[in-house]
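The lines below spell out each chain.
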Amino acid sequence: MSDPTSRFEIPEELPVLPLRELVVFPYMVLPIFVARERSIAAVEDALAGDRLLLLLSQRDGALEEPASEDLHTIGTVAMVMRILRLPDGRVKTLVQGLAKARVDTFLEQEPALWVRASALEPDASAEWSVESEALMRTVRARVEELLPLKDLPPEVLSVTANVEEPGRLADLVASHVPLRMEDAQEILEISDPLARLRRVDFCLRRELEVTSVQAEIQSIAREEMTRGQREQFLREQMRAIQLELGDGDGRHEEIEEYREKIEAAGMHEEARTEADRQLRRLERMHPDGAEAQVVRIFLDWLVDLPWSRGSTEPLDLVRAREILDEDHSHLRPVKERILELLAVYKLRRDARGPILCFVGPPGVGKTSLGRSIARSMGREFVRVSLGGVRDEAEIRGHRRTYVGAMPGRILQGVKQAGTNNPVFMLDEVDKLGADFRGDPAAALLEVLDPEQNSRFSDHYLNLPFDLSKVLFIATANLLDPIPAPLRDRMEVIQLPGYTPEEKLEIARFHLLPRQMEAHGLDAERMKVSPAALQRLACEYTREAGVRNLERKLAALCRKVARRVAEGDARRVSVSADRLPKLLGPPPVRPDAPAEGQVGVANGLAWTEAGGEILRVEATLVRGRGLVLTGQLGDVMKESATAALSYVRWRSEELGIDEATLARNQVHVHVPAGAIPKDGPSAGIALATALTSLASGTPVRGDCAMTGEITLRGRVLPVGGVREKALAALRAGITRVIVPEANLQDLDEIPRELRRKITFVGVSHLDQVLEAALEETPSKKRSGTQAPRRAGVQASAKAP
């Protein structure tokens, strides 16, 4: 067969199509996907001419835009038979290799690469020889061996059988057998047909060796898998033989161990039946199976729960009182209620006590009270924090169908305690959340109901567990966020904030000795005067509890501990004047009562951190209506609206020009603006500030007030009177106006503090104005009689 180049002449200049990871031989027909702009331009130049282009392979296939030095200089001249433009911009080109060519010179670079090339001499017609025939037969045999290993098309055998020329057979085999890029290019550049065929034979022999080793590796892997399955089968047979002979194994010992634990657990009949059923399932299962591990975990929980184990230490009320007094100063009403509870437990061991809920500001000792109760009763103490819990499964557990399922926090705590009657503290119950996973507060209804928790069912165990012997104690900072059904199941005990005198005593006898011991100090090395403790409590902290006070004492101890560690053995005496040198300037300065101002009144607020002074400021600006600022809530906004309506309604009796309020905009602001505020207790403070603004009469600077107001001027009772009074005392205020119905709450305030404050009980806003304003507004007498005051002024000041 004659060479194709004998039928046409190669043009002197040809466009170049660079190829990546591909070498095209003469006589090959194959599609090429062209995507690069220069390559597409080369195809278009070929179509515009004689449809010929030069296919050159890149030296580095990773290059996107190869230069002339990045291309091999020997390639194949091919004819573009047809093209197909694809939607993504690529061009599918069908080409046929015709002849080999060498690049003489690179010409244009843009838009397509052109070269001046010359055709290589075609293979000469070789005469028959023994060597060429032997080589050709060897190559055909190797191709036949590679056919099933490389998934080559069967047509390759028939094509190679009909080729009688060594050079063409070499090119044909090289184009169909997957070779490395370097080998294929080397074969293309060899001009001698026999040498080219020898190189093809070498590549085929190497490929056969690699493929054989690969097949051997795969065979070994399959044999290893088969051997593992065989060993597993023999192991099972051996285990069966051992059981038949009565020798037993570790599996039998595990089952017997579980059986003994079930006997000793003291379960009730329903739990015992379920445990035996799960144990029988475990016996029938494969020991290494996933389900067997699930059953083991379930059985571990069953045998570890204290079904019948409880604390039996006798109750000693005298010792219990000593423990409570030792751990906590003051809080006398709370201690009395706890001792009453312990007395009932002593008289009747199976009594179902109430669920206690300690509500108070942070740092007043709610959690530590639970520990003291457990110590005084001789029971284990377990604390579970519920802050941020939003998943109902945290309380009831997950069902065993879920991967990694386990019981809820209630049974986890009971297991941790090791007894069925611990003191169980549910901390921060007011911070429970709810989302798409359920409502944990609803799950607690069964836990905290004495009529239901004797058969509490966790989703994981799905068995009743008796929680009636557990003493549950909940803690919260605020009562309002707790849902009403849950609040109804608990007996609420309020823990008020500490007075400065109480903080001083707690610091002297509890906090300071504890911090000195924690820092390795004793009385020989450090002494803190009572005046320093008093200043520390009043000027370095502002809180209802003593948590920050203990931090300041720890800071003092660290200062002294450093001096001692550095070798200074002198005793350090901390006085009130020395505190700024050790801790810096006081961050909290006592608020001295401001001078009386027009439109400014002192309200009292109650937060989860204790009482606070609430300044109410009012002013008139051009415009109309009422503007409220300071992040006020809806209830407080409604109180301000009611106060303004009352002042405008009573303007004539109060000696106020009603037109002044009607023609101007009233702006009420309550600092600090970054803190949200809400509640009705600032009603009389808002009304007093508005009356002072409209009448021009200043409000007394040493006076603070709290109470809800109605449209008719009645003053309604509010909560947190004790905390609000303490806040007024901290601010240096000596006169506090409270609703008359709250005068009975003053008994909660220590007698020594009541001596420092004058409490004015009021039932109507007229009484508030009379007590709060520096001068009573003049009342214009008219035909309309002023509304009758409901109640009289009541002044409460301890002797």
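Residues numbered from 1 in each chain as written. Predicted model: local features only at pLDDT ≥ 70, side-chain atom pairs only at ≥ 80, totals over all residues. Heavy atoms only, no water.

## Some points on the overall build of the chain
- Assigned secondary structure in the chain consists of 26 helices and 25 strands.
- Across the 799 residues of the chain, 46% fall into the buried class.
- Considering only residue pairs separated by 6 or more positions, the chain has 74% of its internal contacts joining residues 24 or more positions apart.
- Approximately 40,100 Å² of the chain is accessible, and the part contributed by carbon and sulfur atoms is 50%. (Helix = DSSP H or I, 4+ residues; strand = E, 2+ residues; numbered from the N terminus. Buried < 20%, exposed > 50% of the residue type's maximum accessible area, 1.4 Å probe, protein only. Contact = heavy atoms within 4.5 Å. Areas by Shrake-Rupley, 256 points an atom, 1.4 Å probe, with all protein chains shown as cover.)

## Some points on the packing of aromatic side chains
- For the coordinates displayed, the defined rule picks out four aromatic pairs.
- For the ring pair Phe424 and Phe472, a centre distance of 5.4 Å and an interplane angle of 45° mean the geometry is tilted. Highlighted residues: Phe424 in strand β9 (residues 423-427) and Phe472 in strand β12 (residues 471-476), separated in sequence by 48 residues. Each member of the pair, Phe424 as well as Phe472, carries the same accessibility label: buried.
- Each ring, one from Tyr646 and one from Trp649, has its centre 5.9 Å from the other, and the planes form 65°; the classification is edge-to-face. Of this pair, Tyr646 and Trp649 both sit in helix α21 (residues 634-649), three residues apart, which is roughly one turn of that helix.
- Note on Tyr646: relative accessible area 1%, which makes it buried.
- By relative accessible area, Trp649 is classed as partly exposed at 41%.
- Cation over ring: Arg379 sits above Tyr345, and NZ or CZ is 5.2 Å from the ring centre.
- Sitting over the ring of Trp301, Lys415 keeps its end group 4.0 Å from the ring centre. (Phe/Tyr/Trp six-rings, centres within 6.5 Å; stacked < 30°, edge-to-face > 60°. Lys NZ or Arg CZ within 6 Å of the ring centre and 35° of its normal.)

## Comments concerning the pairing of β12
- Across the six residues of β12, six count as buried, placing the element largely inside the fold.
- Here β12 shows no split at all, with Leu471, Ile473 and Thr475 on one side and Phe472, Ala474 and Ala476 on the other all buried.
- Taken together, the four bridges between β9 and β12 define a ladder with parallel strand orientation. Opposite Phe424, over in β12, you have Phe472 as the bridge partner. (Pairing = 2+ DSSP bridges.)

## Some details on unusual backbone geometry
- A positive phi angle, close to 55°, is found at Glu21, a residue other than glycine.
- Note that Glu21 resides in the loop between β1 (13-19) and β2 (29-34).
- Using a relative accessible area of 60% as the deciding quantity, one classes Glu21 as exposed.
- For Arg51, which is not a glycine, the phi torsion comes out positive at approximately 70°.
- Along the chain, the position of Arg51 falls in the loop between α1 (37-48) and β3 (52-57).

## Considerations on the packing of helix α23 (residues 683-695) against helix α26 (residues 765-772)
- Direction vectors running N to C along α23 and α26 enclose 65°, while the axes themselves pass 10 Å from each other. Here α23 and α26 pass one another in a crossing that is right-handed. Facing Ile684, Ala687, Thr688 and Thr691 of α23, the residues of α26 in contact are Leu765, Val768, Leu769 and Ala772.
- When its residues are assigned to classes, the contact of α23 with α26 shows six nonpolar, two polar and no charged. (Axes fitted to C-alpha atoms, helices over the stretch in contact; angles between N-to-C directions. Left-handed = near helix turned anticlockwise from the far one by under 90°. Nonpolar A, V, L, I, M, F, W, Y, C, P; charged D, E, K, R; others polar.)

## A look at the confidence of the model for the chain
- Confidence in the prediction for the chain averages 82 pLDDT; 90% of positions are at 70 or higher.
- The low-confidence segment residues 1-7, where pLDDT is below 50, has ten contacts with residues more than four positions distant or belonging to other chains.
- Below pLDDT 50 for its whole length, residues 779-799 participates in 46 contacts with residues either more than four positions away or in separate chains. (pLDDT = per-residue confidence, 0-100.)

## Here we look at a nonpolar patch on the surface
- On the surface, a nonpolar cluster with roughly 240 Å² of combined accessible area is contributed by Val29, Met79 and Met81.
- With respect to the helices, strands and loops of the structure, Met79 is situated in strand β4 (residues 74-85).
- Of the residues examined, Met79 reaches a relative accessible area of 33% and is grouped as partly exposed. (Patch = residues over 30% accessible without salt bridge, like charges linked within 9 Å, V, L, I, M, F, W, Y side chains within 5 Å. Salt bridge = Lys/Arg side-chain N within 4 Å of Asp/Glu carboxyl O.)

## A look at the pattern of salt bridges
- For the coordinates displayed, the defined rule picks out 44 salt bridges.
- A salt bridge links Asp88 to Arg90; the nearest nitrogen and oxygen atoms lie 2.9 Å apart.
- Classification of Asp88 as exposed rests on a relative accessible area of 51%.
- The partner of Arg514 in a salt bridge is Glu550, with the nearest N and O atoms 3.0 Å apart. Pair noted here: Arg514 is in helix α17 (residues 500-518) and Glu550 is in helix α19 (residues 547-565), with a separation of 36 residues, a long-range link.
- Given a relative accessible area of 46%, Arg514 falls into the partly exposed group.
- Note on Glu550: relative accessible area 18%, which makes it buried.
- Among the ionic contacts, a cluster of salt bridges with common partners joins Arg180, Asp183, Glu186, Arg199 and Arg206.

## Things to note about the environment of Lys366
- Structurally, Lys366 is set in helix α12 (residues 366-377).
- For the pair Lys366 and Gln494, spaced 128 residues apart in the sequence, the C-alpha separation amounts to 9.9 Å.
- Here Lys366 is in contact with Phe358, Val359, Gly360, Pro361, Met425, Thr475, Ala476, Asn477 and Leu495, once residues within four sequence places are set aside.
- Of the polar contacts made by the side chain of Lys366, one reaches the backbone oxygen of Gly360; its length is 3.3 Å. (Polar contact = N/O pair within 3.5 Å; in protein donor to acceptor, adjacent residues only side chain to side chain.)

## What to know about the side chain of Asn420
- On the secondary structure map, Asn420 appears in the loop between α14 (409-417) and β9.
- Excluding residues that lie within four positions of it along the chain, Asn420 makes contacts with Pro306, Trp307, Ser308, Arg309, Gly310, Lys469 and Val470.

## Observations regarding the sheet that holds strand β8 (residues 381-385)
- Across the sheet, five strands lie side by side as β8-β9-β12-β7-β13; this open sheet has parallel pairing. Edge strands, defined here as strands with exactly one partner in the open sheet, are β8 and β13 (490-494). Neighbour-to-neighbour, the strand axes of the sheet open up by a mean angle of 25°, direction not taken into account.
- Bridge analysis of strand β7 (residues 355-359) against β12 gives four bridges, and the strand direction is parallel.

## Comments concerning α17
- Residue Ala507 marks the point of greatest curvature in α17, where the axis turns by about 50°.
- Every buried residue of α17 is listed here: Pro500, Glu502, Lys503, Leu504, Ile506, Ala507, His510, Leu511, Leu512, Gln515 and Met516.
- One or two steps after α17, the chain reaches Gly520, where phi turns positive at roughly 70°. (Bend = angle between axes of the 7 residues up to and from the residue.)

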